[in-house]
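# Close look at the chain arrangement
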Amino acid sequence: EGGGISAEVNVNIGDHTLTSLTAWRSWKIRSINDPDSVNWDFLNDFLIYQKHEQFSQELRLVSPADQDLTYITGLFFYDRRSRDFENLQIGPDDLPPLLIEGQAAITDANVKDRSYAIFGHMEYKATDKLTVSAGARYTWEPQEFSFNQQSQLFIYPTFGQVDRSRTDEALTWKGSLSYAWTPDLTTYASIARGFKPGGMTMTRLSSLTGVMFEEETNLNYEIGIKGAFFDRELTVNAAAFYTTYDNFQTTAFDGTRYITANAEQFITQGIEVESNWSPSEHFSLSLGGSYVDAHYTDFTNGQCTGVVGACDLSGKRLNGSAKWNINVGANYTTPITDTLDSYVRLDYAWKSDLYVAQDLNPDTRNPAYGVLNGRIGVKSADGFGFEVFAKNLLDKNYVLFSYGLPFGTGAYVGYVGAPRIV
């Protein structure tokens, strides 16, 4: 169960606008599941209780838009409290060696995380065609972590109460140039620095060396073009990007648990194109595609098939990332009355093959597949609408994630995509 509330307040201060964004969210979940995926009573009563609560406050001051120099500046505060309690119980049937019925591993992890930031961004129209923009943000994020592990299982030692803290801080920034060759054709180039704070592992640990993962930083270069053609019936946007990461945060399954690992260096590069054609007010067609090459350039602490412990994945592709992606959409709208329109929408998303597990095990390779979604409905001018929709209209079977079964040689556990939903 979960929920939240948010409030936005805008106040005019002279010719500026002050905006306050306040938000609170909370959720919790209690589940008892059977994670071993074998047909006997082994780990059938695995209890997980998780709770998360967060509060955020942002203040923004925005300049008038009708001037050569426009800017935005602000402050941001974020506070979250998260808990993960897990009770892994051993059942009575056909136990592996060294395991005894009634043994358990119990963990209780809590995180207190706060983030403070100050930011600003400006755009300056140097000429009628050339626009220069730059921005920066300073983030300071202290975290406190408490972890208690009591275990009778040999693979998970008893650590007792463990307290850790960390503070991550970074100055991130972005600069860009755009040039309007005509009112309908603009090119741009940008460079930006990104940052993601480190954190703590909130599940069972085999050793305390994996209790923390480090902050992630990246440097992104992008060039692109935005154009409108044929009296704005056709719009086309295209971009090429190159991004390098240090300490890239990636998820892995090490045979007994999920962990967050840091890849020393990681690169993603590619091209993206999106277009929309509207030959009439009733019909529109969209087409988008991308080619993405995402691979590790230095990752000595990865997980490899059939290898116990760390394995070198340098030069290997990122799991879960398809090299080719294509999206096609069509929309038709026609009036029924003066205030009521009917519409039909179809969307098709296709991606090339990918590996769903970090170790790139050939048995976890997902072949290329596409999913078709559709909707048909009516909507009124005052905002009322009614529709029937279908997701995965052709009922395509595909796997979202899989890994080798720890307790069965040659067996795999997989999480499948949702079937047809109407």
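Residues numbered from 1 in each chain as written. Predicted model: local features only at pLDDT ≥ 70, side-chain atom pairs only at ≥ 80, totals over all residues. Heavy atoms only, no water.

## Considering empty space enclosed by the protein
Counted by the stated rule, this structure contains one cavity of 30 Å³ or more. If you add up the space inside the largest cavity, you get close to 30 Å³. Val292, Asp293, Ala294, Arg317, Leu318, Ser321 and Lys323 together form the lining of the largest cavity. Residue composition of the lining of the largest cavity, grouped by class: three nonpolar, one polar and three charged. (1 Å grid on protein atoms, 1.4 Å probe; cavity = no way out; pocket = protein on both sides within 12 Å on 5 of 7 lines; lining within 4 Å. Points joined across faces, edges and corners; volume = space filled by probe spheres on them. Nonpolar A, V, L, I, M, F, W, Y, C, P; charged D, E, K, R; others polar.)

## Focus: unusual backbone geometry
Notably, Arg232 is not glycine yet its phi reads approximately 65°, a positive angle. When you line up the elements, Arg232 lands in the loop between strand 11 (216-229) and strand 12 (234-253). In this structure, Asn392 takes a positive phi of about 55° despite not being glycine. Relative to the elements of secondary structure, Asn392 occurs in the loop between strand 20 (385-390) and strand 21 (399-404). Note on Asn392: relative accessible area 3%, which makes it buried. (Helix = DSSP H or I, 4+ residues; strand = E, 2+ residues; numbered from the N terminus. Buried < 20%, exposed > 50% of the residue type's maximum accessible area, 1.4 Å probe, protein only.)

## Some remarks on the environment of Gly329
Along the chain, the position of Gly329 falls in strand 15 (residues 324-335). Classification of Gly329 as buried rests on a relative accessible area of 1%. Residues in contact with Gly329, not counting those within four places in the same chain, are Ser284, Leu285, Ser286, Arg345, Leu346 and Asp347. (Contact = heavy atoms within 4.5 Å.)

## Quick word on the pattern of salt bridges
Considering all chains together, one arrives at 13 salt bridges under this definition. In this structure, Arg114 and Asp79 form a salt bridge, with 2.7 Å as the shortest nitrogen-oxygen distance. Taken together, the residues span a long stretch of sequence, with Arg114 in strand 5 (residues 104-125) and Asp79 in strand 4 (residues 69-89) at a distance of 35 residues. Arg114 gets classed as partly exposed once you look at its relative accessible area, which sits at 36%. You can call Asp79 buried: its relative accessible area is 12%. In this structure, the salt-bridge partner of Arg365 is Asp353, at a minimum N-O distance of 3.4 Å. Of this pair, Arg365 sits in strand 18 (residues 365-366) while Asp353 sits in the loop between strand 16 (340-351) and strand 17 (354-355), and the two are twelve residues apart along the sequence. (Salt bridge = Lys/Arg side-chain N within 4 Å of Asp/Glu carboxyl O.)

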